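So you can see what is in the structure, the chains are spelled out below.
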Amino acid sequence: MKISLDWLSDFVDLADLPPEQIADRLTLCIAEVEGFEVLRRSVRGVVVGEVVAAEPLPASYPGARLHLAEVDCGTRRFTTVCGAPNLRVGMKAPFAPPGAVLAGGTRIEVSELAGHRSEGVLCSAMELGLSRWHEVLLECPPAIANGTPLVQYIPEQDVIFEIDNKSLTHRPDLWGHYGVARELAAIFRRPLRPLPMADLAPYDHLPPYPLQIDDPEGCPCYGCIEFEVPAAAPAPLVIQRRLHALGQRTFGLLVDLTNYVMWELAQPTHAFDGQRVHAIRVAPLGKPGTFTTLDGQQRALLPDDLLIWNESEPVALAGIMGGLNSEVQPSTQRVLLESANFKASRIRRTSVRLDLRTESAQRFEKSQPPANVKAGIARMLRLIDEAGVPCRVTRRFTLAGDLKDGYRPLDMPRHCLSTMAGQDIPEAETLAILHALGFQARFEGDRLHVGIPPHRSEKDISIPADITEEVLRIYGYGRIEPRMPQLSIAPPYVETALRTEHKARRLLAGAHAFIEVHTYGWFDDQWLAALGFSPRGALELRNPSAQQNRLLRTTLLPNLLALVRPNRAHREAFRLFEIGRVYWAGPAQECVERSRLAGISFQNADWPPLEEHFRSIKGAIEDLGRFLNCGDLVLRSGAPAEAPWQIPSLWANVCRQDRPVGAIGVLAGPILQTVATQGQVVWFELELEELQGPLFPEPRYTPVPTYPRSWQDFSLVWDLDQGFARLEERLNRFHHPLVQRREFLVLYKGKGLPPGKGSYSFRYWIGAQDHTLSGEEIEQFRNAMLQFLAAENIPLRV
Amino acid sequence: MDEIRQQFLADLGRAQTAKEIEEVRIRYLGRKGAITTLLKRTDFSRLPADQRRELGRRLNELKAFAEEQLARAAEAAADRPAEVAHERLDLTLPGTSRRLGAIHPIALVQMELEDVFQSMGFMVLGGFEVELEYYNFDALNIPPDHPARDMQDTYWLANGMLLRTHTSANQVRALERFGAPLRAIFPGRCFRYEAIDASHENTFYQLEGLMVDRAISVANLIAVMKALLARIFGREVTVRLRPGFFPFVEPGFELDVQCLLCGGAGCGTCKQSGWIELIPCGLVHPRVLEFGRVDPAVYSGFAFGLGLTRMAMMKYGIPDIRLMNAGDIRFYEQFPAAV
């Protein structure tokens, strides 16, 4: 939202304040000022000239329609070559005679153009530094005497503040200069001049305009007035300079004034060609259809889109844009002026869908007050009057719906403000601030009675906290002294889930060299297809960022596996993990959401061998179980595979007390090729909620042995295909009172062993509570063990 | 004589053990030692009296010097621990520990902030990433036609749920579950339908805070925020409040911190303004308390939102938000698991 200091000065005196200070106070008291720009215009030496003759020149430049124009500047006449399309005899426009310096530093000289002497330049807005519009000459009202210095109407300088639109969404009144002026008057404690309005009562004897609202929910209030006016006459230069300063192009009196009223009062109005419309009806389209807006675009409409109808023909897209069929023409003499109020959400829905974000739509979206329906028209008529053009009202101001232009009462406890602030806010200052902002306010007993002015929307101001904000922001938040709350102490509840996440992070990254990464919460269809994975029950996004990202992840692994390829270029080996949520549709719930921990470990080289690689990751998971105090995590082969990375005999469930809490495995075959081309990839994924244990360990002390213990080692030859777990099962059958612990030392494969066999070395720790073992006892144990092994048919390695 | 003196010092310098020192003593002061021999062999009688006296003085001086040096060396050797035979060991070779892994920078900041808030008596709660429209919007007093609900800003699910657009979605859930008084923070992942560039992501982390008690005021909000920021930045910070509009707070603020780099003078980091916009906050809207079944006539509170992703970027000097989710280990490796 652009705000002109020149315009504000109509309503409040700010001339003595540096723009920095104004911007700063606006930011601290209302909304963020993104910056300000000093607009410097090149009007010195430029005068108002009248085109008294124009002779077309043969087209010496392709596409250019040049004229040799004679310009009367009061004391002197100049001839100039001019290519402006709107040049015509009788018009007045700014003329820069030789010696004048225009925007960009161009000094005007007598020159020769298209074979003719050209003694100066007729100017567009851009040449004067008013704006970037350069297509046409800036047209001046005919009442200005030829030769008048332009600087009398267009001062050399203005300051344009840019306020962040996003911080104004709740303030419909700040979408116009008068609203901002009111705030500045309150901030700087200066008087606010009233906005001059025309009195509409004198026209009350005229016939009303035929008007009907069929959709009062979409259009709570509609006002209009019909009058005769030269619609295309040039608007006063004060109007034009201000519109240009905001970047608005100027067209002619009626269109310029509707824009002016909008930028001043925030109330959009619309001028229809009075010859084209005869009776107004506000109603939705009712069926799908199309409508051509005045920019010439045909728009596809839905039944609910609100339209303004002339009898049975739509003439405007309500609150957004007029129709091509009823636009004000250069010849228009009779105008129907609309000033209406539309429901914010309806306007927003239609304008967003059509991507037609007009200034008008942006303002209606913020919930303009219905009171502005009448104010918009009264202000418009006043401006026409000030412009000095003839104007004859033919139909009186006609209104349908409720203006709601009274103050809305709000009653609050007298001390509410001070309580919310946390310190005493002087009551006299409270009243002064509220009055300056246009509120009614008085203290009575233990109450503060407030009247909320119509220019503040109900969405913005409806409860005591809103009044508090109004006062405090002008009072100054910087004047509030920080004060710590006085509270009772109670130990807060601790959510174990988050602690579990952090502990898992600390262990994997702190002790097992894992690197934590984040990936997106959705899958990539192409990658899933490459992996050969089709997720079950995945939730679907209605509006994904890209079509292939429409499924939410049901597992963390695919996105992690996708990181192998890009990272293997940088490292020979790496371990990654992610802690994140997965989601799917449950049988009884719309969404099941779980916190998961997944990891991958990649190694490019063959050594250490895959089995060692796998054991190191398995060890990390076993560590995790102990670190999270959730007991031993063990692997169980079992469940049928659900995903392509679960390759038969290369994966297992991770179980906590027989309940699966995750899975671990290694890649091989085509999926290894897809993920890594070559090398080793170990993966795992765990349900974090299933891994919660006490925050702190709770071991039970057992007495430390008083007498030294001994050990005996056995290397057992065992079938590699049978595997370690089966051997362990067999060894578990051996019971002996002296055995305290069995420790697996190493697996040896290779020379000296029969094919398919391995040598598994175990250490048995033996001892007694009450004495040191004798050599005899040790021998007895050894014999018992050897007997057991013989019975079990497990040979010793010799 | 000077030669002998130099040689003696060199030999003694090489002697480390008591045994070696004794060997030096014998070599110089023993019966056949160099100094002893020099003393013995010199025929003083053939020298003139003045020379005789001078030479005698110098020889005795040398002997005394050698004795003193030997005594000192023996003393030093006695203080040294006894030598033990051992294999060669190079203490300067690098350690072979497995390298420390890394924790995501956002998680690091989150863990740090959780510590700070827990020390101030706040609970830390999780919440859901797939959320009901009710908790993300309705219960936060965000009207049905609010722009934030549009398809442009929110990821909607086919089943009518959504990906939460802010951790504020936890406010009413927490009030329902714990009632008042309440002190809690909610860190977590949020999603907004946005085009991605160096400073915009569709997936980012926030940390929402909520404090509800009797007579919680703007003055309290400022004090708690200042204490918090002092802990985060390790020094006192100057803050200012200015109006900010969020439907679930009233009044609503943007809390700015005076730029820590330039101290408010204006620099590139603060875009010459001297201030950095850091924490949107405000007093909890009475409607939100009502949605949480807390009586706004009895209780009031404040809420605030910290951008965890943004804090991590500021704290570690990360210039591009896209690095956070890009999966490049050369980025993540820079954040050691030192927590």
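What you are looking at is a predicted structure, and each value in this text was computed from that prediction instead of being measured. (Residues numbered from 1 in each chain as written. Chains lettered and ligands numbered in written order. Predicted model: local features only at pLDDT ≥ 70, side-chain atom pairs only at ≥ 80, totals over all residues.)

1. Some details on the overall build of chain A
Quick note on the threshold: Secondary structure elements follow DSSP: runs of H or I of four or more residues count as helices, runs of E of two or more count as strands, with numbering from the N terminus. Between the two quantities, the radius of gyration covers C-alpha atoms and the globule rule is 2.2 Å times the number of residues to the power 0.38. Contact definition: two residues whose C-beta atoms, as placed from backbone geometry, lie within 7 Å.
Looking only at helices and strands, chain A features 19 helices and 34 strands. Since a compact globule built from 798 residues should have a radius of gyration of about 28 Å, the 42 Å found for chain A marks it as more spread out than a globular shape. Reported as C-alpha extents along the three principal axes, the dimensions of chain A are approximately 135 × 80 × 55 Å. Excluding contacts between residues fewer than 6 apart, the proportion of contacts in chain A whose partners are at least 24 apart in sequence is 70%.

2. A short note on the overall build of chain B
Our working rule: The burial label depends on the number of other C-beta atoms within 10 Å of a residue's C-beta. Counts of 20 or more mean buried, 12 or fewer mean exposed, and intermediate counts mean partly exposed, with C-beta atoms placed from the backbone.
On a plain count of helices and strands, chain B comes out with 11 helices and nine strands. By the compact-globule yardstick of 20 Å for 339 residues, chain B is too spread out, its C-alpha radius of gyration being 39 Å. In terms of overall dimensions, chain B has C-alpha extents of about 125 × 40 × 40 Å along its principal axes. The buried share of chain B, reckoned over its 339 residues, is 40%. Looking at chain B alone, contacts between residues at least 24 apart form 64% of all its contacts between residues at least 6 apart.

3. Notes on the interface of chain B and chain A
Inclusion rule: Side-chain classes are defined by residue name, with Ala, Val, Leu, Ile, Met, Phe, Trp, Tyr, Cys and Pro counting as nonpolar, Asp, Glu, Lys and Arg as charged, and the others, Gly among them, as polar.
The interface is formed by 63 residues belonging to chain B together with 73 residues belonging to chain A. Contributions of two or more residues to the side of chain B that touches chain A are made by helix H5 (105-119), strand E1 (123-124), strand E4 (182-191), strand E5 (203-213), helix H8 (218-233), strand E6 (239-243), strand E7 (249-258) and helix H11 (329-332) of chain B. Split into classes, the residues belonging to the side of chain B that touches chain A amount to 36 nonpolar, 13 polar and 14 charged.

4. Considering the packing of helix H5 (residues 253-265) of chain A against helix H8 (residues 371-387) of chain A
Helix packing geometry: the angle between the two helix axes and the distance between the axes. Residues and elements named next belong to chain A. Spelled out, the test is: To get an axis, a line is fitted to the C-alpha atoms, and for a helix only the part in contact is used. The angle between two axes follows their N-to-C directions and goes from 0 to 180 degrees. Angle categories: roughly parallel below 35 degrees, roughly antiparallel above 145, roughly perpendicular from 65 to 115, and oblique for all the rest. Two helices cross in a left-handed way if the nearer one is turned anticlockwise from the farther one by less than a right angle. They cross in a right-handed way if the turn is clockwise.
Relative orientation of the contacting elements H5 and H8 amounts to 130°, with a least axis distance of 10 Å. Put simply, H5 runs oblique to H8. Here H5 runs over H8; the crossing is right-handed. Contacts from Leu 253, Leu 257, Tyr 260, Val 261 and Leu 265 of H5 reach H8 at Asn 372, Ala 375, Gly 376, Arg 379, Met 380, Leu 383, Ile 384 and Ala 387. Grouping the constituent residues of the contact of H5 with H8 by class yields 10 nonpolar, two polar and one charged.

5. So, the pairing of E5(B)
Working note: regular strand, side chains alternate between the two faces of the sheet. Residues and elements named next belong to chain B. We apply this condition: Strand pairing requires that DSSP identify at least two bridges connecting the strands.
Here E5 lies mainly inside the structure; nine of its 11 residues are buried. Looking at chain direction, E5 and strand E9 (residues 300-307) are connected through eight bridges and run antiparallel. Residue pairing across strands places Glu 208 opposite Gly 305, the latter belonging to E9.

6. Considering helix H11 (residues 464-475) of chain A
Residues and elements named next belong to chain A. Put simply, the rule reads: By this rule, a helix spans an expected 1.5 Å times one less than how many residues it contains.
Its 12 residues give H11 an end-to-end C-alpha distance of 16 Å, which sits within 8% of 16 Å, the value for a rise of 1.5 Å per residue. Burial of H11 is extensive: 12 of the 12 residues sit out of reach of the surface. The set of residues buried in H11 consists of Pro 464, Ala 465, Asp 466, Ile 467, Thr 468, Glu 469, Glu 470, Val 471, Leu 472, Arg 473, Ile 474 and Tyr 475. Just downstream of H11 lies Gly 476, where phi reads positive at about 110°.

7. Details of the nonpolar core
To keep it simple, the criterion reads: Any set of buried Ala, Val, Leu, Ile, Met, Phe, Trp, Tyr and Cys residues joined through C-beta atoms within 7 Å is what this text calls a nonpolar core.
Ranked by size, the top nonpolar core spans 246 residues in total, and within it Leu257(A), Ala318(A), Val335(A) and Met225(B) carry the most contacts. Among residues more than four places away in sequence, those in contact with Val335(A) are Phe227(A), Val229(A), Ala231(A), Leu254(A), Ala271(A), Phe272(A), Gly274(A) and Val328(A). One finds Val47(A), Ala96(A), Cys123(A) and Leu237(A) within the second-largest nonpolar core, a separate group that totals 33 residues.

8. Let's talk about unusual backbone geometry
When glycine is set aside, most residues are seen to have a negative phi, and most peptide bonds are trans. Residue Pro608(A) is bonded to the preceding Trp607(A) through a cis peptide linkage, with omega at 0°. Topologically, Pro608(A) is positioned in the loop between strand E27 (592-603) and helix H16 (610-627). Here the residue pair Glu250(B) and Pro251(B) is connected by a cis peptide bond, since its omega of -5° sits within 30 degrees of zero. As for its position among the elements, Pro251(B) is in strand E7. Located in the positive-phi region is Asp658(A), a residue other than glycine, with phi close to 70°.

9. Some words on the sheet that holds strand E12 (residues 221-228) of chain A
Residue and element names in this part refer to chain A. Reading across from one edge, E13-E20-E12-E21 is the order of the four strands in this open sheet, with antiparallel pairing throughout. Two strands bound the open sheet, and with one partner strand each, they are strand E13 (269-273) and strand E21 (392-401). Here the strands of the sheet are splayed against their neighbours by 15° on average, with no regard to which way each runs. Here E13 pairs with strand E20 (residues 334-341) via five bridges, running antiparallel. Across the sheet, the residue bridging to Phe 272 is Leu 336, located in E20. Along the sheet, H5 makes contact with E13 and E20, crossing E13 at roughly 165°. Against the sheet, H8 touches E12, E13, E20 and E21, its axis set at about 150° to E20.

10. Remarks on the sheet that holds strand E32 (residues 710-719) of chain A
All names here are of chain A. Read from one edge of the open sheet, three strands run E32-E34-E33, paired in antiparallel fashion. Each edge of the sheet is formed by a strand with only one pairing partner; in this case those strands are E32 and strand E33 (739-748). On average, each strand axis in the sheet is tilted by 25° relative to the strand beside it, whichever way the strands run. One ladder, built from 10 bridges, connects E32 with strand E34 (residues 757-766); its direction is antiparallel. Bridge pairing in E34 places Phe 714 opposite Phe 762. In the packing of helix H19 (residues 775-792) onto the sheet, the strands contacted are E32 and E34, and the crossing angle to E32 comes to about 10°.

11. Digging into the environment of Glu540(A)
Inspection of the secondary structure puts Glu540(A) in the loop between helix H13 (525-531) and helix H14 (557-561). Glu540(A) sits in the partly exposed class, given 13 other C-beta atoms within 10 Å. Sequence separation of Glu540(A) and Trp584(A) is 44 residues, and the distance between their C-alpha atoms is 9.2 Å. Residues within four places of Glu540(A) in sequence aside, it is in contact with Arg550(A), Leu551(A), Leu157(B) and Ala158(B).

12. Description of the packing of helix H3 (residues 34-41) of chain B against helix H4 (residues 49-79) of chain B
Residue and element names in this part refer to chain B. In contact at an axis separation of 10 Å, H3 and H4 are set at 165° when each is read in the N-to-C sense. Here H3 is positioned roughly antiparallel relative to H4, judged by the angle of their axes. As H3 runs across H4, the sense of the crossing is left-handed. Where H3 abuts H4, its residues Ile 35, Leu 38 and Leu 39 lie against Leu 59, Leu 62, Lys 63 and Ala 66.

13. Quick notes on the environment of Glu236(B)
Residues and elements named next belong to chain B. Inspection of the secondary structure assignment puts Glu 236 in the loop between H8 and E6. Overall, the presence of 10 C-beta atoms within 10 Å leaves Glu 236 in the exposed class. Residues Glu 236 and Phe 117, spaced 119 residues apart in sequence, show a C-alpha to C-alpha distance of 17 Å.

14. Quick word on the confidence of the model for chain B
Selection criterion: How sure the predictor is of each residue is captured by pLDDT, a score from 0 to 100.
Averaged over every residue, the pLDDT of chain B is 91; residues scoring 70 or more account for 100%. Overall fold confidence (pTM) sits at 0.85, and the ipTM for the predicted complex is 0.87.

15. Describing the environment of Ile3(A)
Residues and elements named next belong to chain A. Within the secondary structure, Ile 3 is located in strand E1 (residues 2-4). By C-beta crowding, Ile 3 is classed as buried, having 26 other C-beta atoms within 10 Å. In sequence terms Ile 3 and Asp 658 are 655 residues apart; their C-alpha atoms lie 70 Å from each other. Ignoring any residue separated from it by four or fewer positions in sequence, one finds Ile 3 in contact with Leu 8, Phe 161, Ile 163, His 177 and Val 180.

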